[in-house]
Amino acid sequence: MPNYICTVCGTQYPESTGYPVDICRICAEDRQYVREVGQEWTTLEDLRPTHHNEIRTLEPNLTGIATVPTFAIGQRPLLIQTPAGNVLWDCISFIDDATVEALNALGGVDAIAISHPHFYSSMVEWSRAFGDAPVYLHRDNEPWVMRPDRCIVYWETETHTLLPGITLIRCGGHFPGSSVLHWAEGADGKGAIMTGDTIMVVNDTNWVTFMYSYPNYIPLNKAAVQRIVAAVEPYAFDRIYSSWWERVTKSGGKEAVHRSAERYIRAISD
Ligand SMILES: [Zn+2]
Ligand SMILES: [Zn+2]
């Protein structure tokens, strides 16, 4: 039986004979959208003849992976190599043998951690492809897990040390369990955060933003923005990787978060 994938958000559902739901549950809420043509589905088998994953080194021990042509939301997960093991941060729907071979050549994937439900995608397929690697999700986002599985490990605290130098930080905001990853050794030891779209680097990469819904342009309130800033404040970081190739603040990341939060709160205040 196929595991259908929503073509708009890329979420894969459990095996089913027919379409799993009338309208994708991730898309049928304010943070996503349903196209005018209505719900459309695909499968990994259908995608494989026409898609592949592009793999790029971003800095020492950091590799980005993104599907070509762009599929669904089009995010770019990251593989972080550490002496204690490799972590895949965030995930995408498309996976094939070439991707698995390329990442195995870098030492494989020991653990997967995902910022929020828009990037849960085909997480179970990725776990299986890398020896049943555990998939770390924040418990507060469990209601949005469409394909529950034994590979999922829920963390429930405000922070979770995944490996030495790799910490998951719950920020909330976009989703109650929206999280970022702090990589202490990143950016030549100055530290990096990987933010999904919890903290989104914008076109001028010296600035970031914070939104409840990106497709529908729904902002967060002041308290939510302040909470995100406070959550990352204890961690040293110079660089910010949000979820697309070009959305990277190369240096001055912490100042960019402060400056951007001030600008944002000014704009939404009376
Ligand atoms: Zn969807
Ligand atoms: Zn999102």
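If you're wondering where the values come from, they're calculated on a predicted model, not measured in any experiment.

Undergrad: So what exactly am I meant to see when it comes to the coordination of the zinc ion (ligand 1) here?
TA: Ideal donor angles around a metal are set by the shape: a four-donor tetrahedron calls for 109.5 degrees, a six-donor octahedron for 90 or 180 degrees. Looking at the zinc ion (ligand 1), the protein donor atoms are Cys6 (SG), Cys9 (SG), Cys24 (SG) and Cys27 (SG), and they sit 2.3 Å from it. Of note is the zinc ion (ligand 1), whose four donor atoms meet at the metal with angles of 102 to 120 degrees in an arrangement that counts as tetrahedral. As a motif over one chain, the donors of the zinc ion (ligand 1) read C-x2-C-x14-C-x2-C. Highlighted residues: Cys6 in strand S1 (residues 5-6) and Cys24 in the loop between S1 and strand S2 (41-42), separated in sequence by 18 residues. Residue class for Cys6 comes out buried when judged on its relative accessible area of 0%. Given the relative accessible area of 0%, Cys24 is considered buried.

Undergrad: Explain the packing of helix H4 (residues 222-232) against helix H5 (residues 253-268) here, please?
TA: How two helices sit against one another is set out by the angle between their axes and by the gap between those axes. Remark: H4 packs on H5, axes separated minimally by 10 Å, with the N-to-C direction vectors making an angle of 170 degrees. Judged on the interaxial angle alone, H5 and H4 are roughly antiparallel. Residues Lys222, Val225, Gln226, Val229 and Val232 of H4 form the contact with H5, whose own contacting residues are Lys254, Val257, His258, Ala261, Tyr264, Ile265 and Ile268. Along the lines of polarity and charge, the residues of the contact of H4 with H5 split into eight nonpolar, two polar and two charged.

Undergrad: How should the nonpolar core be read in this particular structure?
TA: One recurring pattern in soluble globular proteins: nonpolar side chains tend to sit buried together. Among the nonpolar cores identified, the biggest contains 55 residues, and Ile114, Met123, Trp126, Leu137 and Phe210 are the most heavily contacted of them. Elements supplying a minimum of two residues to this core: helix H1 (44-47), helix H2 (97-104), helix H3 (123-129), strand S8 (135-138), strand S9 (152-155), strand S14 (200-201), H4 and H5. Take this core: its biggest share by element is six residues, from H4. With near-sequence residues (within four places) excluded, Met123 lies in contact with Cys91, Ile112, Ile114, Val135, Leu137, Val145, Arg147 and Ile152.

Undergrad: Is there a simple way to think about the state of the cysteines in this case?
TA: Working definition: the covalent bond between the sulfur atoms of two cysteines is a disulfide. Scanning all chains against the criterion turns up zero disulfides. The structure places no disulfide on Cys151, whose sulfur is separated from the nearest cysteine sulfur, that of Cys91, by 9.5 Å. Classification of Cys151 as buried rests on a relative accessible area of 5%.

Undergrad: Just checking my understanding: could you explain the coordination of the zinc ion (ligand 2) for this structure?
TA: His116 (NE2), His118 (ND1), His174 (NE2) and Asp197 (OD) make up the full set of protein donors to the zinc ion (ligand 2), lying at 2.1 to 2.3 Å. Considering all four donor atoms around the zinc ion (ligand 2), the spread of angles at the metal, 95 to 157 degrees, places the coordination shape in the irregular class.

Undergrad: In this structure, what is going on with the sheet that holds strand S11 (residues 166-170)? I would like to understand it.
TA: Strand pairing in a sheet is mediated by backbone hydrogen bonds. Such pairs are either parallel or antiparallel. Reading across from one edge, S10-S11-S12-S13-S18-S19 is the order of the six strands in this open sheet, with mixed pairing throughout. Looking at strand neighbours, the two that pair on one side only are strand S10 (159-163) and strand S19 (248-249), the edges of this open sheet. Bridging between strand S13 (residues 192-196) and strand S18 (residues 239-242) involves four bridges; their strand directions are parallel. Note that in S18 the partner of Gly196 across the bridge is Ser242.

Undergrad: I tried to follow the sheet that holds strand S5 (residues 78-82) on my own but got confused; where do I start?
TA: Ordered in space as S3-S4-S5-S6-S7-S8-S9, the seven strands form an open sheet in which the pairing is mixed. Strand pairing shows two members of the sheet lacking a second neighbour, strand S3 (52-59) and S9, which therefore form its edges. Pairs of neighbouring strands in the sheet enclose a mean axial angle of 25 degrees, with direction left out of account. In the sheet, strand S4 (residues 62-68) pairs with S5 via three bridges, with the strands oriented antiparallel. Note that in S5 the partner of Thr63 across the bridge is Leu79. Here H2 sits on the sheet and contacts S3, S4 and S5; the angle it forms with S3, its principal contact strand, is near 20 degrees.

What counts, and where the lines are drawn
Residues numbered from 1 in each chain as written. Chains lettered and ligands numbered in written order. Predicted model: local features only at pLDDT ≥ 70, side-chain atom pairs only at ≥ 80, totals over all residues. Heavy atoms only, no water. Donors = N, O, S within 2.8 Å, 3.2 Å for Na, K, Ca; no water. Tetrahedral: all angles 85-135°; square planar, octahedral: opposite > 155°, others 65-115°. Helix = DSSP H or I, 4+ residues; strand = E, 2+ residues; numbered from the N terminus. Buried < 20%, exposed > 50% of the residue type's maximum accessible area, 1.4 Å probe, protein only. Axes fitted to C-alpha atoms, helices over the stretch in contact; angles between N-to-C directions. Parallel < 35°, antiparallel > 145°, perpendicular 65-115°, else oblique. Contact = heavy atoms within 4.5 Å. Nonpolar A, V, L, I, M, F, W, Y, C, P; charged D, E, K, R; others polar. Core = buried A, V, L, I, M, F, W, Y, C linked by side-chain atoms within 4.5 Å. Disulfide = S-S within 2.5 Å. Pairing = 2+ DSSP bridges.

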